[in-house]
Amino acid sequence: MLQVIDLTAIRDERVLFESLSFEIHPGELVQIEGRNGTGKTTLLRIIAGLGHSDNGDVHWKSESVKSNREGFHEDLLFLGHQTGVKRELTAYENLKFYQSIYGRRANLDSKQRNNKQNDEDIWHVLTQVGLAGREDVPVGQLSAGQQRRVALARLWLSDHPLWILDEPLTAIDKQGVKVLESLFLKHAEQGGIVMLTTHQDMFEDNPKLRKIKLGE
């Protein structure tokens, strides 16, 4: 369970949000919404441990993330506005690098799976995100949408229970949005948590989506 407790953020002498509290339970899909400037990105970065709050705390599994930052980050996959991919590497090389460090800790351990099996996972993911045939092109030569797909492909290689995603649908076409919606729902159904911001309409009339609005 993720708990946000009396969180306050002040930037440039302006209060973005104050005494904000909520809980997100395993199996939930939560969208943080609000007009530009209400602190959506700030909130996600604070929760992910990449920004500071002026008051309050964040708990993960009933423990302050400040006291167990390493354990929290082992459970967290954060994708922000920046893709976080290496432009000089190809899509395949980026995913291979990610997989070797973070991917499916329980299932992709070198003692349990061989390189062939790991490669098969990567090729499957590249197909899922529409990059089959572009896997050997340096990421810096790909379009903005394709670069975003390389970053998002890490979701398929992750078993982190908590996903925090800041505008993951930027530069993604309608078909890509549908693929990601299915992935988010699957992650939640398996007991994970998805927390995201987006300006696109998602999960229309889907009761699994809960919205938390800033700036009310």
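This write-up is about the structure you can find in this document. (Residues numbered from 1 in each chain as written. Predicted model: local features only at pLDDT ≥ 70, side-chain atom pairs only at ≥ 80, totals over all residues. Heavy atoms only, no water.)

## Thoughts on the overall build of the protein
The number of helices and strands found in the protein is six helices and nine strands. Taken over C-alpha atoms, the radius of gyration comes to 18 Å for the protein, in line with the 17 Å a tight globule of 216 residues would show. With the C-alpha coordinates of the protein rotated into their principal frame, the extents come out at 50 × 35 × 35 Å. Taken across its 216 residues, the protein has 48% of its residues classed as buried. (Helix = DSSP H or I, 4+ residues; strand = E, 2+ residues; numbered from the N terminus. Rg over C-alpha atoms; globule rule 2.2 N^0.38 Å. Buried < 20%, exposed > 50% of the residue type's maximum accessible area, 1.4 Å probe, protein only.)

## Remarks on helix 1 (residues 40-47)
Buried within helix 1 are the following residues: Lys-40, Leu-43, Leu-44, Ile-46 and Ile-47. One face of helix 1 carries all of its buried residues, which in axial projection span an arc of 160°. Once helix 1 finishes, Gly-49 follows within two positions and takes phi at roughly 85°, a positive value. (Arc of directions from axis to C-beta.)

## Considering the nonpolar core
Grouped together as the largest cluster of nonpolar side chains are 37 residues, with contacts concentrated most on Leu-29, Leu-155, Trp-163, Leu-165, Leu-180 and Phe-184. Those elements that place two or more of their residues in this core are strand 6 (76-79), helix 3 (91-101), helix 4 (115-128), helix 5 (144-152), strand 7 (162-166), helix 6 (174-189) and strand 8 (193-197). Membership of the second largest hydrophobic core comes to 27 residues, among which are Ala-9, Phe-17, Phe-72 and Leu-214. (Core = buried A, V, L, I, M, F, W, Y, C linked by side-chain atoms within 4.5 Å.)

## With respect to the packing of aromatic side chains
Following the criterion strictly, the structure yields three aromatic pairs and no others. Here Trp-60 and Phe-72 contribute two aromatic rings whose centre-to-centre distance is 6.2 Å and whose plane-to-plane angle is 65°, an arrangement assigned as edge-to-face. Of the two residues, Trp-60 sits in strand 4 (residues 55-60) while Phe-72 sits in helix 2 (residues 69-75), which places them twelve residues apart along the sequence. On the basis of relative accessibility, which here comes to 2%, the residue Phe-72 falls in the buried class. (Phe/Tyr/Trp six-rings, centres within 6.5 Å; stacked < 30°, edge-to-face > 60°.)

## Some thoughts on empty space enclosed by the protein
Tallying each qualifying case throughout the model produces one cavity of 30 Å³ or more. Put simply, the largest cavity is a space of about 70 Å³. Elements with a minimum of two residues in the lining of the largest cavity: helix 5 and helix 6. Here the lining of the largest cavity takes three residues from helix 6, the largest share from any one element. Here the lining of the largest cavity is composed, by residue class, of six nonpolar, two polar and one charged. (1 Å grid on protein atoms, 1.4 Å probe; cavity = no way out; pocket = protein on both sides within 12 Å on 5 of 7 lines; lining within 4 Å. Points joined across faces, edges and corners; volume = space filled by probe spheres on them. Nonpolar A, V, L, I, M, F, W, Y, C, P; charged D, E, K, R; others polar.)

## Digging into the sheet that holds strand 9 (residues 209-213)
With respect to topology, five strands assemble into an open sheet ordered 6-7-8-3-9, the strand pairing being parallel. The open sheet terminates on both sides in strands that have one partner only, identified here as strand 6 and strand 9. Neighbour to neighbour, the strand axes of the sheet diverge by 15° on average, direction disregarded. In the sheet, strand 6 pairs with strand 7 via four bridges, with the strands oriented parallel. Bridging across to strand 7, Leu-77 finds its partner in Trp-163. (Pairing = 2+ DSSP bridges. Axes fitted to C-alpha atoms, helices over the stretch in contact; angles between N-to-C directions.)

## Focus: helix 6
Counted at 1.5 Å a residue, the expected span for helix 6 with its 16 residues is 22 Å, and the 23 Å between its end C-alpha atoms agrees. For helix 6, the set of buried residues is Gly-176, Val-177, Leu-180, Glu-181, Leu-183, Phe-184, Leu-185, His-187 and Ala-188. In this structure, the buried residues of helix 6 make contact with strand 3 (29-33), helix 5, strand 7 and strand 8. One or two positions beyond helix 6, positive phi appears at Gly-191, with a value near 95°. (Expected span 1.5 Å × (residues − 1). Contact = heavy atoms within 4.5 Å.)

## A short note on the sheet that holds strand 1 (residues 2-11)
Strand-to-strand pairing in sheets goes through backbone hydrogen bonds, with the strands running parallel or antiparallel. Reading across the sheet, the four strands line up as 2-1-4-5 and stay open at both edges, with antiparallel pairing between neighbours. With partners counted over all chains shown, the strands left at the sheet margins are strand 2 (14-24) and strand 5 (63-64), one partner each. Looking at chain direction, strand 4 and strand 5 are connected through two bridges and run antiparallel. Paired with His-59 across the two strands is Ser-64, which belongs to strand 5.

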